Structure formats: C-alpha cells, structure tokens
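Survey of secondary and tertiary structure
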Amino acid sequence: MCSGGVVGAGVTSLVVTIWLLMTCSLTSCELLQNGGFEHQLTGWKCWGAHCEVLGAADSHQGNHAARTHNRTHYYQGPSQVIQTTPGKEYHAQSWVKILNDVPGKLGQKIQLEISFHFSDGTVRYENIAMRPLVTTANGWFFMKGEFQAPPKAAQSVSFYYQGPEPGVDFAVDQASVTEVPVDNTWRNQTDDVINRLRKSDIQLHVTTDSNIDTSRLKIQVRQTRKAFPFGVAVRSQYYVDPKQQSYRDFIHRHFNWAVPANALKWRQLDWHQKDQERLYPQALDTVTGLTNAGLKVRGHNMVWSVSNFIPNSVKAQSGDQLRATVQQHIQWTLNQTRGLLEHWDVNNENLHGQWFQERLQDRDYDLELFRMMYRADPQPKLFLNDYNVVAQGAATSAYVAQAQRFKQANVHLYGVGAQCHFHEDQEPNPSLMKERLDSLAAVGVPIWATEVDVSTADEGLRADYIERALRALYGHPAVEGIMFWGIMTESASDPKALFAGERLEPTEGGRRLLDLLENQWMTDETVTPSQPNDRITVRGFHGDYELQVHYQGHELPALRKTFTLGKSDQSVSVHVHV
C-alpha cells in the first residue's frame, strides 16, 4: 500500500488507511479520498468559501460534482490532505468548469496546487497544473500535471484548487492523485525510436576488377554532417566580437542550427533607438554570420506577452495605436530578416502572459499575430513557444488546448516549441517526458525542444541529466529539432555549464553531449567485401556522407563519393580498380 508523511488534522489515520486499502491496486494507488464527490464532501475542505455537491445533471461523470461559491480570495477552493512519500513523483488531474464570467475579463486562470508543510514551520507550494483564459464557454475542461514530493518528510500535504478571482464560482469533478510508476524500459524504447526513425539503410554494391584481393579492400562510410537539427543559443555580443573567433568556431564546428538568445527580442531592439530608427547591428550580423557558416537560424521572438518583457515604449499604448505599433514592428523586423530565418517564435510564453490580448480586450489577438506574420513573410515556419510543458508538466494540458485552437483556426501554425528548462537538481524523467510529448504530438504538428538545459552543481549528475533529457527528446518520433540554451558559461562552476570559459572547455556534461552528438549518433563504419561482387548494408544516421575506398592500406582518391542519406534508403555503387 502507499506510505508517506503524517496525516493532517481532521483526517484520522484509520480512515486514510481504510481508504488506501480500498483504492490501492497492483499498478497505482489513489491518494485522494472521494475524488468523484460521490460521497458528498467526505474528505474535502473549502478554505473559507462555501462548497456544495451538485447532481448528475451538473457533473462531468457519475452522479455528483462539487461547486465552490461565495469566494472572497483567489486561493479558495476544495482542498484535501493527502499522504506522499519523500522523493516520489505523482500524477494529479481533475475536470473543472467555470460557472460565471466577469464582465470586462477575457477569462480566468485556474490551477491545481500542492503544498508541503514541514515541522520547522516552512511551507513549499508547487503548481501542478494551470489553465489560463477559461470562461463558461469552455464547459468542462481537463487539467493534468505532476509533482515530486520533497526529499524530506512533510508534516502535512494538501492538494487544492486556486486561481479564479473572487466572485467566480467553479465546479470540479473526477479529481485524482496517483504515484507515477517507475519505468525501467525507457532506454530501450528511445533506442528503438532512434534506430528506426533517425537512421536509414545505406545499400552498398561493391564490384572489383579480377586482380583485386577483396581481403585487402576496405570501404569506409563516414558521416560528415548531421541532418537532424541540433542547435544552440548564441550570445550576439560574443559572436560579433572580432576577438571571439574561438567562440564562433566552436558553434560552427559542433552545431547545425542556432538561435540568437536575446538579440531579436523586441525589448532589446527597443533599447537601441536613435532618431526613431532602431539600430541593432549585432542581431543581423549574428544571423548573417551563422547562415554564411552553413547553420540554419531560428527567430526568437517576435513579441513576448509576459508583462515584464513588454518594451517601455509600448506599455503606454492601447487600442488602434498599439495595433499599428505591433504591425509596424512585425513588418520592420521581417523586412530586415527576410530570407535569413527558418523559424519564428511568434508570441512567446502566451500561456503565462496575455498582455496584448488583455490590453486590447481581444481574446483572439494571439491568432491575429500569426496571421500578420504570415502576411508579412510566408516563408519562416511559425511556432508557439512555452515552458512547463515537457521538462515539467504544469502547462502541458493547457498547451495542448492552445495548440489545437491555433490549428483549428488555420493561422499557419507549423509547430510547438517546448523550452525544456529543468529546475536545479531536477533529474529528467524520460517516462514523464514521453507522456507529455505524446500529449503534444496528438495535436498533429512537429515539436521542437527550443531551450534545453539542466542544472546541478555535481558535474557527474549534470552529465547524466543532459543525457537522459537528450535521449528522451531524440528518441521521440514527434521531436523534429533540439536547441540548447545557456550551456556555454563563464565558469565551470555554473550549475548549467557544459562548456566553460573563453576556450569553452567541456565539463563532464559537455563531453557527454559531444559523445552523443558526434560519436554515438554519427555513423563511421568500415566494411570489407567478402567477394568481388558484394552487397553490404550499413545502417546510418541521416545526413551527408563521404565514401572512401582503401586498398592495401592506401586510399584510392578517384573512387571517393559523397551522398546524402535521408528518410529513404540510399543505394551507392562503387567499382574498385587499380
């Protein structure tokens, strides 16, 4: 059965023990009592508001649901004390419904929360799942997320709902908290995907003149460039510095994609104004330098809806003036970058901020931003981009709903960006990452891991963490590209450091990363024909290749071939003669 910390006041150990015995199975253990509200409000409290049971006509499933009303604070809603085990991970989910709208408000945010109260008087709060801008028109909507219990035992643990402003009523049903089972098969699963989808067959047909001793013949098949996008965030102030040639060389040598970390953001552009004309040569010099070096570049980001990142010159605007300013910014930026960028993150972190929509009182302005982008330049692929959707799961269900809305609106959404910033000392869980990626993949658009980093002071753990995260991402069929963020640091003591200092010396994590990208996930095989007319199959990663023929220890340069291996098998013929 489940075990955990001390049961909170008002719920006896005997009641909880009986409940756990009734609800635990071989595969999971339900920690919530009466999550379907079929036994009135047994097990639940309401934190100062008023809760009542609804009938079958108002429930999502079963005969009952619970309604919360007379709310005077945003944090008021149903709550329940549960037991958790230190260090264990848990799924949490619920169906929720907003029961009244507020005039002048685009919608409400609602959250599933967990709080851990410790014997020393400290409290840790964690958001399990969130959903922004919900209204009565949404009806019943599903929320799901995960949390990890702290390593030290909590005196009391509470699961609860919060978020809608005071005066907003909401209903909940089918709440559940269960332990995440340990999955030891994830590595086999990701390796299988990598072998099936990231590789194809190279079918060699080798023929020889009669005087060739095939036992002294070697055919080397060596990959020279990867097709799968592995990219990195670039600091423009370093990239354009003539003294930083080693920085540029490092990026050009190890990556095939890049993204200016800050140089294209509107707030940064806004800081560099002169005579009402924005001047920021670092941005274009960076993009041009990267493309000239053969790298493809993402645009990050056109607008950012979180209020802290709105340009100062824009914050005072509203109405038609604000709309015109945004239109001008989009047109100007796309004119400057036309033909240079493959992607654009259009409206960054729109789940976590809706400044433009709220300022204009236009819920669908986020869709209009995509339409404006496409009209101004139809070539770059357009992305949503947000966090807590793969590395953590608090916004996964909300992101799925948002992406489905964009796809249905036909606003030229190409893909979804998952930032993948792991919290400090958070060990990536490939099984949970797969669950979240599967949820996003159901939308039917490509996924890009846009801002991947891990964080821990222990170099060995950092190497393990980055490998686990990368295998989970590269080993998922819907992931189309992976971009690293913040991995090149000033000091090796930085908890995110994979490459440190002016010379970008690899830490243990950096060495692990390069081994994956340039050894384990690159193909370099040498084969020997068994007869003068032989067919040999080499399973290779997608990308550009060079074939070399060596006879009696020497290369035959005239027989060198180059080819590209894509998703279809590639046939290569070579006739050996001297």
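Everything below is about the structure shown above.
Residues numbered from 1 in each chain as written. Predicted model: local features only at pLDDT ≥ 70, side-chain atom pairs only at ≥ 80, totals over all residues. Heavy atoms only, no water.

**A closer look at the sheet that holds strand β23 (residues 488-489)**
For clarity, the threshold we go by: What makes two strands pair is DSSP finding at least two bridges between them. Labels follow the DSSP assignment, with helices taken as runs of H or I lasting at least four residues and strands as runs of E lasting at least two, numbered in each case from the N terminus.
Strand order in the open sheet made by the three strands is β23-β24-β25, with mixed pairing throughout. At either end of the open sheet lies a strand with only one pairing partner, and these are β23 and β25 (505-506). Two elements, strand β24 (residues 499-500) and β25, share two bridges in a ladder whose sense is antiparallel. Note on β25: the bridge partner recorded for A500 is E505.

**Remarks on the packing of aromatic side chains**
Just so we agree on the cut-off: The rule is short: rings of Phe, Tyr and Trp, with Trp giving its six-membered ring, pair when the centres are within 6.5 Å, and they are stacked under 30 degrees, edge-to-face over 60, tilted in between. Relative accessibility under 20% of the residue-type maximum defines a buried residue, over 50% an exposed one, and the middle range a partly exposed one, all with a 1.4 Å probe and only protein chains included.
The tally for this structure, following the rule as stated, stands at 27 aromatic pairs. When the centroid spacing of 6.3 Å and the interplanar angle of 50° are considered together, the rings of Y161 and F170 count as tilted. F170 shares its class with Y161; the two are buried. Taking the centre distance of 6.3 Å and the plane angle of 80° together, the rings of F383 and W448 count as edge-to-face.

**Points about the side chain of T507**
Our working rule: By definition, residues are in contact when any of their heavy atoms lie within 4.5 Å.
In this fold, T507 is placed in the loop between β25 and α14 (508-520). Judged by its relative accessible area of 4%, T507 is buried. Leave out the neighbours within four places in its chain, and T507 touches E459, R462, A492, A497 and L498.

**Looking at the pairing of strand β22 (residues 479-484)**
Stated formally: Crossovers are described as right-handed under a simple rule: with the strands pointing away from the observer, the path leading from the first strand over the helix to the second runs clockwise.
Of all six residues making up β22, five are buried, and the element is well covered by its neighbours. Two strands pair when backbone bridges link them, and strand β12 (residues 230-234) and β22 are joined in this way by three bridges, in the parallel orientation. Residue pairing in the sheet places G231 in a bridge with M483 of β22. With four bridges joining them, strand β21 (residues 447-455) and β22 adopt parallel strand pairing. Bridged to V452 within β22 is F484. In this fold, the crossover linking β21 to β22 by way of helix α13 (residues 459-474) has right-handed handedness.

**Some remarks on the pairing of strand β10 (residues 199-208)**
For a regular strand, side-chain orientation follows a simple rule: the groups alternate between the two sheet faces. Most of β10 is tucked away: seven of the ten residues are buried. Pairing between β10 and strand β27 (residues 533-541): nine bridges, direction antiparallel. Note that in β27 the partner of I202 across the bridge is V538. With seven bridges joining them, β10 and strand β31 (residues 570-576) adopt parallel strand pairing. When the bridges of β31 are listed, T207 appears paired with H575.

**Considerations on the nonpolar core**
Within soluble globular proteins, side chains that are nonpolar tend to cluster in buried spots. To be explicit about the condition: To form a nonpolar core, buried Ala, Val, Leu, Ile, Met, Phe, Trp, Tyr and Cys residues must be joined to one another through side-chain atoms within 4.5 Å.
One finds L204, F356, I482 and F484 to be the most contacted residues of the largest nonpolar core, which totals 111 residues. Within the second largest apolar cluster, 32 residues are counted, among which are I128, V157, Y161 and V177.

**Let's talk about the state of the cysteines**
Threshold: Disulfide assignment relies on a single distance test, namely cysteine sulfur atoms paired within 2.5 Å.
In total, this model carries one disulfide according to the counting rule given. Disulfide pairing places C46 opposite C51 at an S-S distance of 1.8 Å. Taking the sign of the S-S torsion, about 60° here, the bridge from C46 to C51 comes out right-handed. Side by side, C46 and C51 carry an identical accessibility label, which is buried.

**As for helix α10 (residues 365-376)**
Selection criterion: In this scheme, a helix's expected span is set at 1.5 Å multiplied by one less than its residue total.
For α10, with twelve residues, the first-to-last C-alpha span of 16 Å sits near the 16 Å given by 1.5 Å per residue. All of the buried residues along α10 are Y365, D366, L367, L369, F370, M372, M373 and A376.

**Topic: the packing of helix α11 (residues 396-409) against helix α12 (residues 430-441)**
Put simply, the rule is: Axes here refer to lines fitted to C-alpha atoms; in helices the fit is confined to the stretch in contact. Angles between the N-to-C directions go from 0 to 180 degrees. Oblique is the label for any angle not under 35 degrees, not over 145, and not in the 65 to 115 range, which are roughly parallel, roughly antiparallel and roughly perpendicular in turn. Here a crossing is taken to be left-handed if its near helix is turned anticlockwise relative to the far helix by less than a right angle, and right-handed if that turn runs clockwise. Only Asp, Glu, Lys and Arg are considered charged in this grouping, and only Ala, Val, Leu, Ile, Met, Phe, Trp, Tyr, Cys and Pro are considered nonpolar; every other residue, Gly among them, is considered polar.
Direction vectors running N to C along α11 and α12 enclose 15°, while the axes themselves pass 9 Å from each other. Overall, the two elements α11 and α12 adopt an arrangement that is roughly parallel. In this structure, α11 meets α12 at a crossing whose hand is right-handed. Across from T396, Y399 and V400 in α11, the residues of α12 making contact are R436, S439 and L440. In the contact of α11 with α12, the residues fall into three nonpolar, two polar and one charged.

**A few points about the sheet that holds strand β4 (residues 89-98)**
Spatially, the five strands line up as an open sheet ordered β1-β2-β9-β4-β7, and their pairing is antiparallel. Each edge of the sheet is formed by a strand with only one pairing partner; in this case those strands are β1 (50-54) and β7 (141-148). Between one strand axis and the next, the sheet turns by 30° as a mean value, whatever way the strands run. Pairing of β1 with strand β2 (residues 65-69), which is carried by five bridges, proceeds in the antiparallel orientation.

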